[in-house]
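Understanding the architecture of this molecule
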Amino acid sequence: VSFVGKAPDGVTPKVSLMATTRGLQERWASADECTCHADGGFKFNLMGWPLTTLGVSNAAGNYGSCGLGLTSSMTVPHVTELFTDYHSNTKRLTKSACVK
């Protein structure tokens, strides 16, 4: 998932990137009984942009990473859009119901 454009103000650049692999997308799609997790923070990269991890955990508490997201802002709509796009692209690529 990647997007480069303008923020709602029409001036500020808006960038969204999600790094993942097909195997990690399969993990996301097949984890019907698992809980979804996301956590993020700043200053983990040279640009100072927020880095967010996305993954799932099972009933035993084992966490499995499914992707790393990098966004140019940490606003709720921006990060929500990144996760929504990841989810819909994963559903399309894995041909899964992927209900989360």
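Up top is the structure these notes are about.
Residues numbered from 1 in each chain as written. Predicted model: local features only at pLDDT ≥ 70, side-chain atom pairs only at ≥ 80, totals over all residues. Heavy atoms only, no water.

Points about helix α2 (residues 76–94)
Rules: Helix numbering and strand numbering both begin at the N terminus, where a helix is a DSSP run of H or I of at least 4 residues and a strand a DSSP run of E of at least 2. Multiplying 1.5 Å by the residue count of a helix minus one yields the expected span of that helix. Each residue's exposure class comes from its accessible area (1.4 Å probe, protein chains only) as a fraction of the maximum for that residue type: buried when under 20%, exposed when over 50%, partly exposed otherwise. Any two residues whose heavy atoms approach within 4.5 Å at even a single point are treated as in contact.
Compared with an ideal rise of 1.5 Å per residue, which puts 19 residues at 27 Å, α2 spans 27 Å between its outermost C-alpha atoms and is within 8% of the ideal. Among the residues of α2, His78, Val79, Leu82, Tyr86, His87, Thr90 and Thr94 are the ones counted as buried. In the core, the buried residues of α2 are packed alongside β2 (13–19), α1 (22–30), β4 (51–57) and β5 (63–71). Just downstream of α2, Lys95 is the residue with a positive phi angle, here 55°.

Quick word on the pattern of salt bridges
The criterion, for reference: Each reported salt bridge corresponds to a side-chain nitrogen of Lys or Arg within 4 Å of a carboxyl oxygen of Asp or Glu.
The tally for this structure, following the rule as stated, stands at two salt bridges. Here Glu81 makes a salt bridge to Lys14, at a shortest N to O gap of 3.1 Å. Remark: Lys14 occurs in strand β2 and Glu81 occurs in helix α2; sequence separation between them is 67 residues. A relative accessible area of 29% places Glu81 in the partly exposed class. Looking at Lys14, the relative accessible area reads 13%, which means it is buried. A salt bridge links Arg22 to Glu26; the nearest nitrogen and oxygen atoms lie 3.2 Å apart. Residue Arg22 and its partner Glu26 are both found in helix α1; the two are separated by four residues, about one turn of the helix. A relative accessible area of 35% means that Glu26 is categorised as partly exposed.

Some details on α1
Here is the rule: Note that the arc is defined by the directions from the helix axis to the C-beta atoms.
Every buried residue belonging to α1 is among Gln25, Trp28 and Ala29, and all of these are buried. Considered in projection along α1, the buried side chains sweep an arc of 95° and stay on one side of the axis. Residues of α1 that are buried in the fold lie against β3 (35–41), β4, β5 and α2.

Things to note about the nonpolar core
Our working definition: Among the buried residues, those of types Ala, Val, Leu, Ile, Met, Phe, Trp, Tyr and Cys that are joined through side-chain atoms within 4.5 Å form a nonpolar core.
If you look at the biggest cluster of nonpolar residues, it comprises eight residues: Met18, Trp28, Ala31, Leu54, Val56, Cys66, Leu82 and Tyr86. At the level of elements, β4 and α2 are the ones that each hand at least two residues to this core.

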